[in-house]
Amino acid sequence: MQAGIIGLGLIGGSMGLALQETKMFKTILGYDINALHTQQALSLGLVDECVSFDEIQECDIIFLAIPLEAITQALQKFDKISPHTTIIDLGGAKEKIIEAVPPKIRKNFIAAHPMSGTEFYGPKAALNDLFKNKIIILTDLEHSGEFQIACAKEIFVSIGMRIIKMDPKDHDKHIALISHLPHVISYALANTVLSQENPQTILALVGGGFKDMSRISKSSPIMWHDVFKQNKQNVLHSIDLFGKEMLLAEKLIQEERWEEFKEWMAKANTLQNFM
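Residues numbered from 1 in each chain as written. Predicted model: local features only at pLDDT ≥ 70, side-chain atom pairs only at ≥ 80, totals over all residues. Heavy atoms only, no water.

### Structural notes on the nonpolar core
Short version of the rule: Buried residues of nine kinds, namely Ala, Val, Leu, Ile, Met, Phe, Trp, Tyr and Cys, make up a nonpolar core once their side-chain atoms join them within 4.5 Å. Accessibility here uses a 1.4 Å probe with only protein chains present; expressed as a share of the type maximum, an area under 20% marks a residue as buried, one over 50% as exposed, and anything in between as partly exposed. Strands are runs of DSSP state E lasting at least 2 residues, helices are runs of H or I lasting at least 4, and numbering of each runs from the N terminus. We call two residues in contact when some of their heavy atoms are within 4.5 Å.
Met 15, Leu 19, Phe 63, Ile 88, Leu 90 and Phe 156 are the most contacted members of the largest nonpolar core, which has 35 residues in total. Taken together, the elements giving at least two residues each to this core come down to strand 1 (2–6), helix 1 (10–22), strand 4 (61–64), strand 6 (109–114), strand 7 (135–139) and helix 6 (146–158). A total of six residues in this core trace back to one element, the largest contributor, which is helix 1. Ignoring sequence-local partners within four residues, the contact set of Leu 19 consists of Ala 3, Ile 5, Met 24, Phe 25, Ile 28, Phe 63, Ile 155 and Ile 159.

### Concerning helix 1
Heads up, the rule is: A helix is expected to reach a length of 1.5 Å times the quantity of its residues less one.
Relative to the 18 Å expected for 13 residues at 1.5 Å per residue, helix 1 spans 19 Å between its end C-alpha atoms, a close match to the ideal helical length. Check the buried side of helix 1 and you find it contacts strand 1, strand 2 (27–31), strand 4 and helix 6.

### Topic: the layout of surface pockets
Put simply, the rule reads: Two kinds of site are reported from a 1 Å grid over the protein atoms alone, namely cavities, where a 1.4 Å probe fits but cannot get out, and pockets, open sets with protein on both sides within 12 Å along at least five of seven lines, and residues are called lining when an atom falls within 4 Å of a point. Grid points are joined across faces, edges and corners, and a volume is the space filled by probe spheres set on the points.
There is about 990 Å³ of room inside the second largest pocket. Lining the second largest pocket are 19 residues, with Leu 181, Ile 185, Phe 242, Ala 268 and Leu 271 positioned closest to its centre. Looking at the lining of the second largest pocket, the elements that each hand over two or more residues are helix 7 (168–194), helix 9 (208–214), helix 11 (232–254) and helix 12 (258–269). Looking at the lining of the second largest pocket, the element that brings in the most residues is helix 7, giving six residues.

### Observations concerning the environment of Ile 71
You can see Ile 71 is positioned in helix 4 (residues 68–75). Remark: the alpha-carbon pair of Ile 71 and Ala 100, spanning 29 residues in sequence, is separated by 9.0 Å. If near-sequence neighbours (up to four positions away) are discounted, Ile 71 is found in contact with Leu 64, Ile 66, Asp 89, Gly 91 and Ile 97.

### A word on the environment of Ala 100
Counting through the fold element by element, Ala 100 comes out in helix 5 (residues 95–100). Its relative accessible area of 19% is what places Ala 100 among the buried residues. As a C-alpha pair, Ala 100 and Gln 73 span 27 residues in sequence and 8.3 Å in three-dimensional space. With residues up to four places along the chain from it excluded, the contact list for Ala 100 reads Thr 72, Leu 75 and Gln 76.

### Description of the sheet that holds strand 3 (residues 49–50)
What counts here: Only strands joined by at least two bridges in the DSSP assignment are considered to pair. Note on geometry: axes are lines fitted to C-alpha atoms, helical ones only across the stretch in contact, with angles between N-to-C directions running from 0 to 180 degrees.
If you trace the eight strands from one edge of the open sheet to the other, you get 3-2-1-4-5-6-7-8, paired in mixed fashion. Here the strands that pair on one side only, and so sit at the sheet edges, are strand 3 and strand 8 (162–166). Sheet topology places strand 5 (residues 86–89) next to strand 6; three bridges connect them, and they run parallel. Counterpart to Asp 89 in the pairing with strand 6 is Ala 111. Sitting on the sheet, helix 6 is in contact with strand 4, strand 5, strand 6, strand 7 and strand 8, with an inclination near 55° to strand 5.

### A closer look at a nonpolar patch on the surface
Convention followed: Two joining distances apply to patches: 9 Å for like charges and 5 Å for nonpolar side chains (Val, Leu, Ile, Met, Phe, Trp, Tyr), and every residue must have over 30% relative accessible area and no salt bridge. Reported accessibility uses the Shrake-Rupley method at a 1.4 Å probe radius. Residues are deemed covered only where the shown protein chains occlude them. Put simply, a salt bridge is a Lys or Arg side-chain nitrogen that is within 4 Å of an Asp or Glu carboxyl oxygen.
Together, Leu 177, Ile 178 and Leu 241 give the surface a local cluster of nonpolar side chains, amounting to about 270 Å² of exposed area. Among the secondary structure elements, Leu 177 is positioned in helix 7. The exposure class assigned to Leu 177 is partly exposed, which follows from its relative accessible area of 39%.

### With respect to the pairing of strand 1
This is how it is decided: By definition, the crossover connecting two strands over a helix is right-handed if that path, from the first strand to the second, turns clockwise as seen with the strands pointing away from the viewer.
Most of strand 1 is tucked away, with four of its five residues classed as buried. As paired strands, strand 1 and strand 2 are joined by five bridges and run parallel to one another. Within the sheet, the bridge partner assigned to Ile 5 lies in strand 2 and is Gly 30. Each parallel crossover has a hand, and for strand 1 linked through helix 1 to strand 2 it is right-handed.

### A short note on unusual backbone geometry
What you tend to see is this: most non-glycine residues have negative phi, and most peptide bonds are trans. Even without being a glycine, Lys 23 presents a positive backbone phi close to 60°. Its location among the elements puts Lys 23 in the loop between helix 1 and strand 2. Notably, Glu 256 is not glycine yet its phi reads approximately 55°, a positive angle. Structurally, Glu 256 can be placed in the loop between helix 11 and helix 12.

Next comes the structure, spelled out in structure tokens:
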């Protein structure tokens, strides 16, 4: 078989490396609108060859590893797809993407979300073990072809992933809390410090806590802009829930209700029991 990857950054590049290890594909082709990414992907060996979008359409398996708005646009351009082609999107929000899939290629399409990543982006961020022992969420499978479902499952298992099936609406709601909200918080924390009069002086004192919480603020603004846009309502709901907890913390501190504040923190400690 021949695999094609559209988008050769962290996720697409890592997928290229992972697929090479499976030995399932004769050739792994890549496509990226960024010429520098194309050069880097080839020099790093992330794919065997970079080709045009039209040539990618001839692959047996096609991965979409690009920002969400670009995924919805790319889906409209598939006009040379065979009935046995499998198209797998790897975006971080699902409902809007699924709605954008043209009916003529719906059977070809698999909506997937790998719960893996780092704060880095671009081809140089690619890792050959990014997906190992990680969860892959598959959604809306009832509208995908049986052949495509079987292909996707075989690939994800072969690269060491654990499969979870989920309704797209539930996916976007839950992921907003555990993935999208943390990124908003991290961006806000970074901007809070940067907005101060002498941020360099403050940052000279940085310890592990700030580094841990601000780490993902280095994530790609282009990619996360699209995630927040496509999952807007769930993200806003998550921010609202978080805001209420922050207001409660503020109230308990302001009113010096220290015992209640200690109980509030102790409750948070119990989260680790579920992980």
